[in-house]
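Results of the structural survey
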Amino acid sequence: MATSPKLDSKIPDGPLDQKWTKYRSTVALVNPANKRNLEVIVVGSGLAGASAAASLAEMGYKVKVFCFQDSPRRAHSIAAQGGINAAKNYQNDGDSIYRLFYDTIKGGDYRSREANVHRLSEVSGSIIDQCVAQGVPFAREYGGLLSNRSFGGTQVQRTFYAAGQTGQQLLLGAYSALQRQVGMGAVKLYARHEMLDVVNIDGKCQGIIARHSVTGQLERHFGHAVLLCTGGYGNVFFLSTNAMGSNVTAAWKAHKKGAFFSNPCYTQIHPTCIPVSGEHQSKLTLMSESLRNDGRIWVPKNKADAEAIRAGKLDPNNLKEDDRDYYLERRYPAFGNLVPRDVASRAAKERCDAGFGVNGTGQAVYLDFAFNMKYKYGKIEATKKGIENPTEAQLDEFGHAVIKEKYGNLFDMYAQITGVDPYKNPMQIYPAVHYTMGGLWVDYNLMTTVPGLYALGEANFSDHGANRLGASALMQGLADGYFVIPYTIGSYLSKEISTKAISLDHEAFVKAEQDVQERINKLLSIKGTKTVDYFHKRLGKVIWDKCGMARNAEGLKWAIEEVRRIREEFWKDVRVPGEANEFNPELEKAGRVADFIELGELMCKDALERNESCGGHFREEYQAADGEAERDDENFAYVAAWELKEVGNWELHKEELVYENIKIAKRSYK
Amino acid sequence: MAGTSGKTINVTIKVWRQKNKNQKGQFETHPMKGVSVDMSFLEMFDVLNDRLITEGKDPVAFDHDCREGICGMCSMYINGRPHGPKQGVTTCQLHMRSFKDGDTIVVEPWRSAAFPVVKDLAVDRSAFDRIIASGGFVSVNTGNARDANSILIPKDDADQAFNAAACIGCGACVAACKNGSAMLFVSAKVSQLALLPQGQIERDERVLNMVNQMDEEGFGNCTNTAACEAECPKGISLENIARLNREYISASNFANRK
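Since the model is a prediction, treat every value here as computed from it, not as a measurement.

Some thoughts on the nonpolar core
Membership of the largest hydrophobic core comes to 238 residues, with the highest contact counts inside it found for A:I84, A:F138, A:L227, A:Y454, A:I489 and B:F219. When sequence neighbours within four positions are dropped, the list of residues in contact with B:F219 reads B:A114, B:F115, B:A127, B:F128, B:I131, B:V174, B:G180, B:S181, B:A182 and B:M214. Counting residues in hydrophobic clusters, the runner-up holds 27 residues, among them B:I13, B:L52, B:L94 and B:L121.

Some words on the domain arrangement of chain A
Residues and elements named next belong to chain A. Looking at the assigned domains, one finds that chain A contains domain 1 (1-28 + 40-266 + 437-644) and domain 2 (271-431). The interface of domain 1 with domain 2 comprises 32 residues on the first partner and 33 residues on the second. Contact between domain 1 and domain 2 buries roughly 2,600 Å² in total, counting both sides, with carbon and sulfur atoms accounting for 54%. Of all residues in domain 1, Q81, L239 and M549 give up the largest surface area on contact with domain 2, accounting jointly for 24% of the area buried on that side. Connecting domain 1 to domain 2 are 1 salt bridge. Put simply, E628 and R331 hold a salt bridge, and the shortest N to O gap is 3.0 Å. For the pair domain 1 and domain 2, the interface holds 13 residue pairs in polar contact (both at pLDDT 80 or more).

Comments concerning the sheet that holds strand β12 (residues 296-300) of chain A
All names here are of chain A. Strand order in the open sheet made by the 5 strands is β11-β15-β14-β12-β13, with antiparallel pairing throughout. Each having just a single partner strand, β11 (267-273) and β13 (324-325) make up the two edges of the open sheet. Looking at chain direction, strand β14 (residues 365-368) and strand β15 (residues 427-436) are connected through 3 bridges and run antiparallel. By the bridge assignment, Y366 is partnered in β15 with Q428.

Let's talk about the layout of surface pockets
Approximately 950 Å³ is the volume found for the second largest pocket. In this structure, the second largest pocket is lined by 48 residues; those nearest its centre are A:D533, A:E586, A:K589, B:D46 and B:H64. Those elements that provide at least two residues to the lining of the second largest pocket are α15 (532-547) and α17 (585-609) of chain A together with α1 (41-54) of chain B. The biggest single contributor to the lining of the second largest pocket is α1(B), with 8 residues. When the residues that make up the lining of the second largest pocket are grouped by side-chain class, the tally is 18 nonpolar, 13 polar and 17 charged.

Remarks on the sheet that holds strand β3 (residues 77-78) of chain B
Sheet strands line up and pair through hydrogen bonds in the backbone, either parallel or antiparallel. Residues and elements named next belong to chain B. Reading across the sheet, the 5 strands line up as β2-β1-β5-β3-β4 and stay open at both edges, with mixed pairing between neighbours. Edge positions in the sheet fall to β2 (26-36) and β4 (81-82), since each has one partner strand and no second. Pairing between β3 and strand β5 (residues 104-108): 2 bridges, direction antiparallel. Among the inter-strand pairings, I78 is bridged to a residue of β5, identified as V107.

Looking at the interface of chain A and chain B
Each partner contributes residues to the interface: chain A has 76 residues there, and chain B has 74 residues. When chain A packs against chain B, the two sides together hide about 6,100 Å² of surface, and 53% of this comes from carbon and sulfur. At the boundary of chain A with chain B, the tally comes to 7 salt bridges. Ionic pairing is found between B:R125 and A:D70, a salt bridge with its closest N-O pair at 3.1 Å. Put simply, chain A and chain B have 41 residue pairs in polar contact (both at pLDDT 80 or more) between them. Mapped by element, the contributors of at least two residues to the side of chain A that touches chain B are α3 (47-59), α5 (114-134), α6 (166-183), α12 (392-418), α13 (473-493) and α17 of chain A. Here the side of chain A that touches chain B gets 8 residues from one element, more than from any other, and that element is α6(A).

Rules used in this analysis
Residues numbered from 1 in each chain as written. Chains lettered and ligands numbered in written order. Predicted model: local features only at pLDDT ≥ 70, side-chain atom pairs only at ≥ 80, totals over all residues. Heavy atoms only, no water. Core = buried A, V, L, I, M, F, W, Y, C linked by side-chain atoms within 4.5 Å. Buried < 20%, exposed > 50% of the residue type's maximum accessible area, 1.4 Å probe, protein only. Contact = heavy atoms within 4.5 Å. Domains from an automatic or database assignment. Buried area = accessible area lost by both parts, 1.4 Å probe. Salt bridge = Lys/Arg side-chain N within 4 Å of Asp/Glu carboxyl O. Polar contact = N/O pair within 3.5 Å; in protein donor to acceptor, adjacent residues only side chain to side chain. Pairing = 2+ DSSP bridges. Helix = DSSP H or I, 4+ residues; strand = E, 2+ residues; numbered from the N terminus. 1 Å grid on protein atoms, 1.4 Å probe; cavity = no way out; pocket = protein on both sides within 12 Å on 5 of 7 lines; lining within 4 Å. Points joined across faces, edges and corners; volume = space filled by probe spheres on them. Nonpolar A, V, L, I, M, F, W, Y, C, P; charged D, E, K, R; others polar.

Structure follows, in structure tokens:
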């Protein structure tokens, strides 16, 4: 297959491990005097946005940052728990830039770009250096050195962490760097502002329309370049581990203004989340993958036991070792409980569908710490204390303290939400939507198909292929913001030095603002009978059922029609209370759900087009006899990039994925 | 509305309504029947809002985002306590099982001069951002860092710094304080950086600038009632305030030592 002429990935020539070095040394620069005259708009203030904004301001660019939350520190990166990968090889366990690169490509099921992933690997070490310099309090060993742990899909310990709050600590580091620039006047901050359109002039993105959430005022902002660092679209499912406000709106508006959307069907279903408890549920909570270092996943071997547990007649703690099925250890002995997320999620679904699920709904498996708590940590501690024959109670006590130190906040959170003590009972978990690998198509420079419009972090599609490995989202967000965009933006802005700031009265700004205003007026004027959440829940159920952990052609075709019906009904019957010119969270939500509905259709279309199973995209028609996914490299080793013609009508462009350094192979964790 | 436990309760919500910062507010009463005890407090508000919208009324505005206790956005003053009756949790992690059948629950916004009401239960906490901008950072531009393991940090110091850094910036400390003081918030950031070698260079300036900004924003003084520590959902210790005071006195006395 040939790559579409509309998709120039701009991957530099030369050997893989020299591409980035050479690029950095030869990319066009902007001199300091000119930087002061160049304005950059950053939308979103998570890891990618905050790090990009701080770095660009430090370099001398004039930066404006927009976030819909009341403070940039609230961005959803804050909720990342487990850690951040870096190829430091501090543990002397054979890690290297190449190995991180290889693990990421393989983990992504051979559906990501070699050059981008290698660059990510190369800069990973600098991220840790930068964060430590900022005062990010990573976990440390007694000698004062940094501590590491393991994550899924790897056999080395390369994950840096700060208890179960790594995202929080990294974001607060980036936020402090950002606020320092705000204090110095180099960044202007627009909190409680939601971007509602991009403005293209002369074929380039030159500004945005934003709504101030408190007053409802629409504002026009000019920029020589616009960076969308707006996260993923997991909330299309209604129930996900995303924050309530996480949305696709900024990326979707860009898509409607010419930016291609890539691989929307690649969504990550995280295996270890707290199961749904009832119909009132507004979101799902992740239990970090780091727990799989010490938690063992199991269901009963016999259906009768599973039924007894579901009926509350059997305490799982009393089920004999021989009667438990540690199905990940059984199916994937090499990686065991640390297989990648897509594999672990499907395996859980398989067991539950087969009738071995363990909670009232049958949609849960156990994540059990008892064994490692007692016989790993308890024994080590007993040995340390010189106790030769510790009692069970002692082992329990000693192990408890270790587990508390490692995962205390996660255990507390679990107890808080479920009302069950996870130190005494195995956790119940089930897969839930967590991350989206798809996003705006970008080239090597992180520029979308619209000149001057960039996408960073989860908002782009570039590095994780069809499945992201744990602890790699933080790495990618910060890589893009701290170490990639500061270089690559020069290749564009160096040609924009003589572009004067465009008047906000330019017809393109006026027209874009009018369109935004009309859409708001329309939403408010429908005054229908159903709430925004009603439509969102309906959409979420369709996408979860038909475009979730398992998909098939028939279901997807039905889903496309159903999503269209939802769209039609939404625009006829939604009820949005309040006014345009006031603080109106329901109005904001309505706009976001309208965009999710349009995206939902494209997700199903993309999933239907991809006649193979890879990573998070599992098509039931394409599986081996043992239930493992079957990729089709001959026909589908490409990036799907969708161009919107009009709502509900897209043209597919393909970027061929060329593997020059890695031998493309069946992904096996056995 | 029953969850997995199948248990429900009836409660009465008395909630603060205020159109914007300039208008006067008042309480509004809403009976809530058949509330699942497995619901979170905010999910109970989702149900209330759903009903209000369907009845053609204005839903209650409140701030919330991650709903897992880490973003710091949710901010309800419940029965006279920031984040409600449970120790160590944010509003979003409070569940209805913490209430009894028949309870009346009074819900207000954070009340503090430095946190003006935006609408109903949402307040403006941008003062916190400005305090951080005044000095809550280490001045290190991207790309200037040396190898991470070349800075050795004793585990205890790293752990203590982490405990201070766990602050989520929700403002419960301010809401809990009769003086509307932001000392716990400020001290957490000052402590984190004072405990780490990376923070030493700017140690004096940082504390002076941050305290100065805190005063300018209109936060009150600390009179050691420790209400902030008692209500902090992240267990930020009062010891941080002691450290802030030491840092401040030391920096003030030696400000001209350079």
